[in-house]
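The chain contents come next:
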Amino acid sequence: MGISSDSGFSKSKYMIIPYIVKNIGVTMFKENTNNGKTVDISLEVAVERTKKDGTLQESKVFIDGNYKKNLNGIVEGWGSAFKVKEFILACNPGLKFETDDQGRIADEVWEKCMDKEFFVLKYISTKDNGEETYRTYGNFAADMLKLEQKFLKDVSKNMAYKYAPELADKADEVPFPEVEEDTVI
């Protein structure tokens, strides 16, 4: 896993966070208020995790994407909505399920995700203005080691957007605070 220190003098290059699914809101054909574009499927997943001090933290994970469609608008592939599929499979490894022609997923599939654990990886990065932050890696897993291996493979291919591990090596900097914000993927 990532490099960290209990002394508080160094930052983690990345960290893997276990979440438990508490609720899932699914919206089809949601308009993105930031850019006015519509996404085919959007999830708002209420999650909780146990922090290092033993307290429970509630937050949300937002997942959305667009399907690959044919000229008639019929779904033919996952497209950028692959993250939705990965989330479901992280909660239920090996689960077989399908969408309808519009990309809707049966309620039973969402019900099978309730109270299940899945892992999210956050990595050290910079915002567009140069400010340090943690970004959320766009994949999920049921297994921490597999998620870490997938991330490191993407790092080796230079596919982890604005990954800046050198920031973790700056010992004279104040460490990042505990991750508290909601996660958008």
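Residues numbered from 1 in each chain as written. Predicted model: local features only at pLDDT ≥ 70, side-chain atom pairs only at ≥ 80, totals over all residues. Heavy atoms only, no water.

Attention now goes to the environment of V120. Along the chain, V120 falls in strand 6 (residues 117-126). Looking at V120, the relative accessible area reads 0%, which means it is buried. For the pair V120 and L147, spaced 27 residues apart in the sequence, the C-alpha separation amounts to 7.9 Å. (Helix = DSSP H or I, 4+ residues; strand = E, 2+ residues; numbered from the N terminus. Buried < 20%, exposed > 50% of the residue type's maximum accessible area, 1.4 Å probe, protein only.)

Quick look at the state of the cysteines now. Overall, the coordinates contain 0 disulfides when judged by the stated rule. C113 supplies the cysteine sulfur nearest to C91, a cysteine that is in no disulfide, at a spacing of 4.3 Å. By relative accessible area, C91 is classed as buried at 5%. (Disulfide = S-S within 2.5 Å.)

For the rest of this paragraph, the subject is the packing of aromatic side chains. Under the counting rule described, the total for this entry stands at 11 aromatic pairs. On the numbers, 5.3 Å between centres and 55 degrees between planes, the contact of Y14 with F151 is tilted. Of this pair, Y14 sits in strand 1 (residues 14-31) while F151 sits in helix 3 (residues 144-156), placing them 137 residues apart in sequence. Note on accessibility: Y14 and F151 belong to one class, buried. Here F87 and F118 contribute two aromatic rings whose centre-to-centre distance is 5.1 Å and whose plane-to-plane angle is 90 degrees, an arrangement assigned as edge-to-face. Here the residue F87 occupies a position in helix 1 (residues 82-91), and F118 occupies one in strand 6, the gap between them amounting to 31 residues. F118 matches F87 in its accessibility class, with the two residues each being buried. Feature note: the residues Y14, Y123, Y137, F151 and Y163 constitute an aromatic cluster, connected by ring pairs. (Phe/Tyr/Trp six-rings, centres within 6.5 Å; stacked < 30°, edge-to-face > 60°.)

Turning our attention to the environment of K30. Along the chain, K30 falls in strand 1. Judged by its relative accessible area of 37%, K30 is partly exposed. Taking C-alpha positions, K30 is 9.2 Å from D64, a pair spaced 34 residues apart along the chain. If we ignore the near neighbours within four places in the chain, the residues touching K30 are K37, T38, V39 and S42. (Contact = heavy atoms within 4.5 Å.)

Enumeration according to the criterion identifies 6 salt bridges in this entry. With a shortest N-O distance of 2.9 Å, K69 and D40 are connected by a salt bridge. Placement of the pair is K69 in strand 4 (residues 68-69) and D40 in strand 2 (residues 38-50), with a sequence separation of 29 residues. A salt bridge links K60 to E44; the shortest N-O distance between them is 3.0 Å. Of this pair, K60 sits in strand 3 (residues 56-65) while E44 sits in strand 2, and the two are 16 residues apart along the sequence. (Salt bridge = Lys/Arg side-chain N within 4 Å of Asp/Glu carboxyl O.)

Moving on: the confidence of the model for the protein chain. When pLDDT is averaged along the protein chain, the result is 85; 85% of the residues meet or exceed 70. The least confident element of the protein chain is strand 8 (residues 183-184), whose mean pLDDT is 58; the most confident is helix 2 (residues 107-113), at 97. Low pLDDT, under 50, characterises residues 1-9; the stretch is placed with 14 contacts to residues that sit more than four places away or in other chains. (pLDDT = per-residue confidence, 0-100.)

Across soluble globular proteins, nonpolar side chains have a tendency to be buried as a group. Core analysis: the biggest nonpolar cluster contains 45 residues, and F87, I88 and F118 have the highest contact counts within it. Those elements giving two or more residues to this core turn out to be strand 1, strand 2, strand 3, helix 1, helix 2, strand 6, strand 7 (132-141) and helix 3. At 8 residues, strand 1 tops the list of elements feeding residues into this core. Once residues lying within four places of it in the same chain are set aside, the contact partners of F118 are I17, P18, Y19, V21, V47, V61, F87, A90, C91, F140 and A141. (Core = buried A, V, L, I, M, F, W, Y, C linked by side-chain atoms within 4.5 Å.)

A few words now on the pairing of strand 1. Inspection of the sheet shows strand 1 paired to strand 6 by 7 bridges, in the antiparallel sense. Pairing of Y14 across the sheet is with Y123, part of strand 6. Both strand 1 and strand 2 contribute to a ladder of 10 bridges, which runs antiparallel. Bridging across to strand 2, V21 finds its partner in V47. (Pairing = 2+ DSSP bridges.)

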